[in-house]
Amino acid sequence: MNLFEYEAKQIFKRYGISVPKSILLSNLEEVKVVQGLDFPLVLKAQIPEGRREKQGGIIFVNSYGELENSAESLFGSEINAYIVNKVLVEEKVPTKDEFYLALFLDPCRRVPLLIASSRGGVLLEEVVGEHSADIASEKLDIIYGLGDYKIRNALLRTGISREYFTQIGQLGKKAYEIFRDYDAELVEINPLARSLNGNLVALDAKIVIDDNALFRHKDLQKIRDRYASDLEYEAAMHGLNYVQLNGNIGVLCTGAGLTLSTLDLIREYRGSPANFLEFGGATYESSYHALKVVLGDPRVKVIFIRTFGLVARADTVAQGLAEAVSELKPKVPIFAVIRGTNEDEARRILTKEGKIRLFESPEEAIRDVVKIGKE
Amino acid sequence: MGILLNRKSKVLVQGLTGKEGRFWTKHMLRSGTNIVAGVTPGRRGEVVEGVSVFDTVQEAHRHLEFIADMSVVFVPAVFAKDAVFEAIEGNVKKIVLLTDGLPKQDALEIRALANAKGTMVIGPNTVGVASVGEAMAGFFPVWLKGVYKPGIVGLVSRSGSLCNEIASQVSASGYGLSTCVDIGGDPFPCTVFIDILELFEKDIQTEAVVLVGELGGIFEEEAAEFMRKGKLTKPVVGYVVGKAAPPGKRMGHAGAIIIGNKGLVHLKQRALKEAGVLLAQKPSQIRELLRLSLSG
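Residues numbered from 1 in each chain as written. Chains lettered and ligands numbered in written order. Predicted model: local features only at pLDDT ≥ 70, side-chain atom pairs only at ≥ 80, totals over all residues. Heavy atoms only, no water.

## Considering the overall build of chain A
In step 1: The helix and strand inventory of chain A stands at 11 helices and 18 strands.
In step 2: In terms of principal-axis extent, the alpha carbons of chain A reach across some 75 × 50 × 35 Å.
In step 3: Counting the 375 residues in chain A, one finds 57% classified as buried.
In step 4: The long-range fraction of contacts in chain A, counting pairs at least 24 apart against all pairs at least 6 apart in sequence, stands at 68%.
In step 5: With the model as given, the accessible surface of chain A reaches about 15,700 Å², and the carbon-plus-sulfur share is 47%.
In step 6: One way to put it: in chain A the 48 positive side-chain charges average out to a point 2 Å from where the 54 negative ones average out. (Helix = DSSP H or I, 4+ residues; strand = E, 2+ residues; numbered from the N terminus. Buried < 20%, exposed > 50% of the residue type's maximum accessible area, 1.4 Å probe, protein only. Contact = heavy atoms within 4.5 Å. Areas by Shrake-Rupley, 256 points an atom, 1.4 Å probe, with all protein chains shown as cover. Lys, Arg positive; Asp, Glu negative; His and termini not counted. Charge placed at Lys NZ, Arg CZ, Asp CG, Glu CD.)

## Topic: the interface of chain A and chain B
In step 1: If you look at the interface, chain A gives 73 residues, while chain B gives 67 residues.
In step 2: Around 5,400 Å² of area is buried between chain A and chain B when both sides are counted, 60% of it from carbon and sulfur atoms.
In step 3: When the buried surface of chain A facing chain B is broken down by residue, A:Cys108, A:Arg110 and A:Leu310 rank first, second and third, together holding 16% of it.
In step 4: Across the contact surface, chain A and chain B share 8 salt bridges. (Buried area = accessible area lost by both parts, 1.4 Å probe. Salt bridge = Lys/Arg side-chain N within 4 Å of Asp/Glu carboxyl O.)

## Structural notes on the packing of helix H5 (residues 163-173) of chain B against helix H10 (residues 286-295) of chain B
Residues and elements named next belong to chain B.
In step 1: Closest axis-to-axis distance for the H5/H10 pair is 8 Å, and the angle between their directions is 50 degrees. Classified by the angle their axes make, H5 and H10 are oblique. Crossing handedness for the pair H5 and H10: right-handed. Counted together, Ile166, Gln169, Val170, Ala172 and Ser173 of H5 and Ile286, Arg287, Leu290 and Arg291 of H10 form the full contact between these two elements.
In step 2: Considered class by class, the residues forming the contact of H5 with H10 number 5 nonpolar, 2 polar and 2 charged. (Axes fitted to C-alpha atoms, helices over the stretch in contact; angles between N-to-C directions. Parallel < 35°, antiparallel > 145°, perpendicular 65-115°, else oblique. Left-handed = near helix turned anticlockwise from the far one by under 90°. Nonpolar A, V, L, I, M, F, W, Y, C, P; charged D, E, K, R; others polar.)

## Topic: helix H10 (residues 343-353) of chain A
All names here are of chain A.
In step 1: What H10 keeps buried is the set Glu343, Ala346, Ile349 and Leu350. Projected onto a plane normal to the axis of H10, the buried residues spread over an arc of 120 degrees and lie on a single side. Those residues of H10 that are exposed and aimed more than 90 degrees away from the buried face are Asp344, Thr351 and Lys352.
In step 2: Where H10 is buried, its residues meet helix H9 (314-328), strand S17 (334-338) and strand S18 (357-359). (Arc of directions from axis to C-beta.)

## Topic: the packing of aromatic side chains
In step 1: Considering all chains together, one arrives at 13 aromatic pairs over all chains under this definition.
In step 2: Where A:Phe39 meets A:Tyr64, the ring centres are 5.3 Å apart and the plane angle is 85 degrees; that geometry is what we call edge-to-face. Taken together, the residues A:Phe39 in the loop between strand S1 (22-25) and strand S2 (41-45) and A:Tyr64 in helix H2 (residues 64-74) connect sequence positions 25 residues apart.
In step 3: Given the relative accessible area of 40%, A:Tyr64 is considered partly exposed.
In step 4: With a centroid separation of 5.5 Å and an interplanar angle of 85 degrees, the aromatic rings of B:Phe74 and B:Phe139 are classed as edge-to-face. Taken together, the residues B:Phe74 in the loop between strand S5 (70-73) and helix H3 (77-89) and B:Phe139 in the loop between strand S9 (135-138) and strand S10 (150-157) connect sequence positions 65 residues apart. One exposure class covers both B:Phe74 and B:Phe139, and it is buried. (Phe/Tyr/Trp six-rings, centres within 6.5 Å; stacked < 30°, edge-to-face > 60°.)

## Let's talk about the sheet that holds strand S15 (residues 275-279) of chain A
All names here are of chain A.
In step 1: One open sheet holds the 6 strands; their spatial order is S13-S15-S14-S16-S17-S18, and the pairing between them is mixed. Where the open sheet ends on each side, the last strands, each with one partner, are strand S13 (241-244) and S18. Along the sheet, successive strands turn relative to each other by an average axial angle of 20 degrees, direction set aside.
In step 2: Of the strand pairs in this sheet, S13 and S15 are connected by 4 bridges, and their pairing is antiparallel. Looking at the pairing, tyrosine 242 lines up with leucine 277 of S15. (Pairing = 2+ DSSP bridges.)

## What to know about the pattern of salt bridges
Residues and elements named next belong to chain A.
In step 1: One pass over the structure, following the stated rule, counts 40 salt bridges over all chains.
In step 2: A salt bridge links glutamate 90 to lysine 9; the nearest nitrogen and oxygen atoms lie 2.5 Å apart. One end of the pair, glutamate 90, is in strand S6 (residues 87-91); the other, lysine 9, is in helix H1 (residues 5-14), and 81 residues separate them in sequence.
In step 3: Glutamate 90 gets classed as buried once you look at its relative accessible area, which sits at 2%.
In step 4: For lysine 9, a relative accessible area of 4% corresponds to the buried category.

## Some remarks on the nonpolar core
In step 1: Formed by 99 residues in total, the largest nonpolar core has its most connected members in B:Tyr148, B:Val210 and B:Met227.
In step 2: Not counting residues within four places of it along the chain, the set of residues in contact with B:Met227 comprises B:Leu197, B:Leu211, B:Leu232, B:Val236, B:Leu272, B:Ala275 and B:Val277.
In step 3: Membership of the second largest hydrophobic core comes to 43 residues, among which are A:Leu3, A:Tyr176, A:Val187 and A:Leu220. (Core = buried A, V, L, I, M, F, W, Y, C linked by side-chain atoms within 4.5 Å.)

## Side note on the state of the cysteines
In step 1: Here the structure, examined in full by the defined rule, presents 0 disulfides over all chains.
In step 2: Lacking any disulfide linkage, A:Cys253 is separated from the closest cysteine sulfur, that of B:Cys163, by 16 Å.
In step 3: For B:Cys180, which is in no disulfide, the shortest distance to another cysteine sulfur is to B:Cys163 and amounts to 6.4 Å. (Disulfide = S-S within 2.5 Å.)

## Details of the packing of helix H7 (residues 256-268) of chain A against helix H11 (residues 362-374) of chain A
Residue and element names in this part refer to chain A.
In step 1: It is at 10 Å that the axes of H7 and H11 come closest, and there the two elements cross at 55 degrees. Our classification of the angle between H7 and H11 gives oblique. By crossing handedness, the relation of H7 to H11 is classed as right-handed. Touching Thr262, Leu265 and Ile266 of H7 are Pro362, Glu363, Ile366 and Val370, all from H11.

## A word on the confidence of the model for chain B
In step 1: Across chain B, pLDDT averages 96, with 100% of residues at or above 70.
In step 2: For this predicted complex, the interface confidence comes out at an ipTM of 0.96, alongside a pTM of 0.96. (pLDDT = per-residue confidence, 0-100.)

Shown next, in the form of structure tokens:
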């Protein structure tokens, strides 16, 4: 889960990391009551992810007139497929230096990393490679945590002036506390700026929470604003792993690997998948909701379903599919290859329902599926 | 003889009284697994499929008067770390952590403790281990007709859901399966490909290996390096999924810099190919590639 910048900054503040003075606008009307902030101000569109600068999502203003106009242009606009429903208005902080600091669960080395750079406030990946002199990543041990020597190791390699080490170290430890307390996969501050009075301020804040840990962070809700579309929101609410792609062949399978294999196979036969959707587990509700989601996509011309999962029982999956079909009466053709535990019963259920056409082999089914996709 | 599990292995089931625990305990027993006890806090005294349930691993061991060789963990994410820590501390040397949805930082903590204590943990998010024809720990439907035939090919996979599909292909090839291991689909598994390949190299029953990889991480690249160093001398057929996958979640600047291009399927395929692995582009090619590698 990507937290909004304003959420991340609220957490930073609670943990003692300074952020610019700000007011959060939850609707356009609220801009009229902005007070207590000194110009120049910056308006920042609050979206879960994506480059805002290049799409007009960050606007500097010097007067109330400009503030109102900019707020009006931001609210309801679409940036990176998200509708802007909240705008953060901050005082612009003059800075002496800007750094980069992050804590990141690295899926390559499979350890948490402390990452620091003397180049803050830029599109870092465009100015440094992983092994550049300006950037340092230090592997962390989850048991020992962020020790002082780890911070020294990283900062010394970045060329950041030693006079800042103590301050950055203290702030880094607070960031690490947040990283652990919130089950974060990423806590990123870009830039971490040194203001004119010598304090460190997080001018931007990005926190990505591990979705698997949401059960122990009930204060973080899966609200509609976090998703780019109604369908993705619906999928998320039912615990489905769903990503929209560009094509017109709807896909749903039991298990991620089986789904990926199916997408590869469809592409091999020159078809174009409309989505990735894996569902599973032992409850039929998941197959019911999964089919509903895929049917909700108007681009889909044909649907292909596969079961061969291990935990997911074919008959419970079939039950959910049959219910979805009889309730929604879909017009698009639906093909399926049903294998796995209780597969005979599963096929009996679906044959009785009648709408879903069953195949023995996935390649056989995909040939027909792709043909329909091309019509 | 399976590489991790055989008919004589004394297996504990944590979470035995849950819905999945019960269903799969029945099937594990039928497949030949020697389940010696179950553990579910608060359910001491119950008997499930003839297996006695205890409140704790400690109590189970006290009653049994021996330490179990392996524990299979059917415990939901919210309690899983505690259950695994309990088994590690109880000196169970092999743990199959089936749990899907385990918080990543919990997985890292489990891995750290397991490494410190010399415990082998398979998972999280695994369907387990099957010593085909002998025993099974987890969710393998070994009774499915034509899918799991005993034989000489070791299967190690990052995908549980593909195990059935790939196992059918290996069974259809005629060579059959020795042991199937799912290292799990999560990004921080406690056991990786090379740990299992090492065991397959030493296993006299295994004459070839099928390795099923996936987009993300560098597990396949590590396996390729392991093979290039000569540590696995048996033929390998590989299959890597995710060429047509959606791009992963963007992880800020850190993700862009640290991950960069790593984890892409074509890079994994190239590394495996350079290490001498025969690559299948789809599951149905596996049969032919096995014949090529083994009839040599």
